[in-house]
Amino acid sequence: MEYWLGLDCGGTFIKAGLYDRRGHEHGVARRNLAIVAPQPGWAERDMASLWRTAADVIREVLSASGVAAGAIQAIGISAQGKGAFLLDKQGQPLGNAMLSSDQRALALVQEWQRQGVPQALYPQTRQTLWTGHPVSLLRWLKRHQPERYARIGSVLMAHDYLRYCLTGELACEETNISESNLYLMRSGRYDPALAQLLGIGDIMPALPTIVGSADIAGRVAANAAAITGLQTGTPVVGGLFDVVSTALCAGLQDETRLNAVMGTWSVTSGITDAIVEGFDHPFVYGRHAESGQYIVHEASPTSAANLEWFCRQWGLQDYGQLNRWVAALPKAAGDLLFAPFLYGSNAGLGLSASFYGLQAFHQREHLVQAIYEGVVFCHMTHLNRMRRRFPEAQALRVTGGPAKSLPWMQMFADVSGLPVELPQVEETGCLGAAMAAMVGSGAFNDFTAAQHRLAPRIERLLPDAAAAEAYDNKHQRYQALIAALQNLQPANKEAP
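Residues numbered from 1 in each chain as written. Predicted model: local features only at pLDDT ≥ 70, side-chain atom pairs only at ≥ 80, totals over all residues. Heavy atoms only, no water.

- For the chain, the name recorded in an unreviewed UniProt entry is FGGY-family carbohydrate kinase, with Serratia sarumanii as its organism.
- According to UniProt, the comment filed for the chain under the heading Sequence similarities (unreviewed entry) is "Belongs to the FGGY kinase family." (UniProt positions renumbered as here; feature names shortened; annotations may be inferred.)

Structural notes on the packing of aromatic side chains
Okay, step 1: With the rule as written, the count across this model stands at 9 aromatic pairs.
Okay, step 2: Aromatic pair Phe338 and Phe355: ring centres 4.6 Å apart, planes at 40°, arrangement tilted. Of this pair, Phe338 sits in strand E20 (residues 337-339) while Phe355 sits in strand E21 (residues 354-356), and the two are 17 residues apart along the sequence.
Okay, step 3: Take Phe355: its relative accessible area is 27%, and that puts it in the partly exposed class.
Okay, step 4: Between Tyr372 and Trp408 the ring centres are 4.1 Å apart and the planes differ by 5°, which places this aromatic pair in the stacked class. Of the two residues, Tyr372 sits in helix H13 (residues 364-389) while Trp408 sits in helix H14 (residues 406-416), which places them 36 residues apart along the sequence. (Phe/Tyr/Trp six-rings, centres within 6.5 Å; stacked < 30°, edge-to-face > 60°. Helix = DSSP H or I, 4+ residues; strand = E, 2+ residues; numbered from the N terminus. Buried < 20%, exposed > 50% of the residue type's maximum accessible area, 1.4 Å probe, protein only.)

A look at unusual backbone geometry
If a residue is not glycine, its phi is most likely negative; likewise, a peptide bond is most likely trans.
Okay, step 1: Its identity as a non-glycine residue notwithstanding, Arg126 has a phi of 60°, on the positive side.
Okay, step 2: Examined against the element boundaries, Arg126 turns out to sit in the loop between helix H3 (117-125) and helix H4 (134-144).
Okay, step 3: In this structure, Ala332 takes a positive phi of about 60° despite not being glycine.
Okay, step 4: Looking at the element boundaries, Ala332 is found in the loop between helix H12 (319-328) and E20.

What about the confidence of the model for the chain?
Okay, step 1: For the chain, per-residue confidence averages 95 on the pLDDT scale, and residues scoring 70 or more make up 99% of the total.
Okay, step 2: In this model residues 492-496 is a low-confidence stretch, pLDDT under 50, and it forms 13 contacts with partners more than four residues away in sequence or in other chains. (pLDDT = per-residue confidence, 0-100. Contact = heavy atoms within 4.5 Å.)

Let's talk about the environment of Val296
Okay, step 1: Tracing the backbone shows Val296 in strand E19 (residues 294-300).
Okay, step 2: Considered as a pair, Val296 and Met386 are 90 residues apart in the sequence and their alpha carbons are 8.4 Å apart.
Okay, step 3: Not counting chain neighbours up to four residues away, the residues in contact with Val296 comprise Thr268, Ser269, Gly270, Thr272, Phe283, Val284, Tyr285, Met386, Arg389 and Phe390.

Points about the pairing of strand E5 (residues 72-79)
Okay, step 1: Of all 8 residues in E5, 7 are buried, a share of seventy percent or more.
Okay, step 2: Where strand E1 (residues 3-9) and E5 come together, 7 bridges link them in parallel fashion. Note that in E5 the partner of Leu5 across the bridge is Ile75.
Okay, step 3: As defined by bridge partners, E5 adjoins strand E15 (residues 240-241) across 2 bridges and the pair is classed as parallel. Opposite Ser78, over in E15, you have Leu240 as the bridge partner. (Pairing = 2+ DSSP bridges.)

Observations regarding the pattern of salt bridges
Between side chains of opposite charge, a pair can form when the charged atoms approach closely.
Okay, step 1: Tallying each qualifying case throughout the model produces 27 salt bridges.
Okay, step 2: Note that Arg59 is salt-bridged to Asp56, the shortest N-O span being 2.7 Å. With Arg59 and Asp56 both in helix H1 (residues 47-65) and 3 residues apart, the pair spans about one turn of that helix.
Okay, step 3: Asp414 is the partner of Lys331 in a salt bridge, and the nearest nitrogen-oxygen pair spans 2.8 Å. Taken as a pair, Lys331 in the loop between H12 and E20 and Asp414 in helix H14 lie far apart in primary sequence, 83 residues in all.
Okay, step 4: A relative accessible area of 4% places Asp414 in the buried class.
Okay, step 5: A network of salt bridges, in which partner residues are shared, links Arg31, Asp56, Arg59 and Glu60. (Salt bridge = Lys/Arg side-chain N within 4 Å of Asp/Glu carboxyl O.)

Printed below as a string of structure tokens:
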């Protein structure tokens, strides 16, 4: 048989999956990825350790599945977007990578906002400016670590770095680099004027050639084959920004469906053929894997990672018990509210998480219910905006770990008023990466054909009309809490 390998590098895990031409999974290996936090607000990753861990999961999935390396037709990589993975001029890691959740550039981004820089960039890049963008991190380095900045040889993102480790070839993949604020969205190329505006005009020589998601960007080198168990010369395609990977696996093809991703980040995305003007909100666009299409998305680091933090504090590991607690409580009951801003906010830079309304009678189950609700309410900020851009949306497809929680998904349907559709895909990042490898190696002509052939089974939940008023009232109280927190926020608060 023929197989395709998909590697998925997320915020907390790296996974490798093997798939056949029908999309059937023949093995998955996963390992935790450590986040290095040397200072408050910093979020880094040891690049050498990342590559060793990636090699480990590849070797592990090959060994456990019994699939011969020679049967693998191509490899794809899906990864978390933004951040900065830097190499020096000798092609070696230049310190730790800085992740998309890093907030060291907060004061710099606030300075740019006061100067109107985001408004000047948006018509050309279709991006907002925030702390985890490559340009923010690069400008921070130039200002605060000029010696390190001067040593930069290549600017990459996570899957670009892992592809480089596999092949020895440098490239930036388009679905990810298109959202760097160094790329002209309509013409599809870098623009030195953008870098100049951001005070990093001298970085242009460090930007590698742009490749497409399914383009063969290199082949497994002998040194990488030796530590992964892969066969030397196996093709490696450009890969995918993980938001694009998830949208592909969720079956998004037109404007009738939106995709909500629940992980470290709250993401709502949609697929379109056109950049549409006339909105007062700056919708973020990126190049989609399918030629001629764009992905539009709203995102913030405000999702299920908040629950993971809570579970660590209480020593909770039984997620079934959490669901039973929430299901046993009346919907939208009580006054307890939670703002899910442990890792960032979608209501203002530097805003922090909080429980409000906590009283002595509250138990763990009440706090868990408040976290479920707070995460859904936070997602609604993005979903409500996206429904203005996608007025024909008829249903919401949800992916990520929380999609396995029926009480949480029913809550999402009840609060949004939309049917929630749950694609039955275990690992969207790995399968999406493998899909890119399938297209790149000729198994399918394009991503649309691959989506049709690999379409997952969909489970559907309908909104509970009887709960709509209670959730609407509680959502309004949540919005009032966020407004109060915004009023308490100092104008120039440094990253926590």
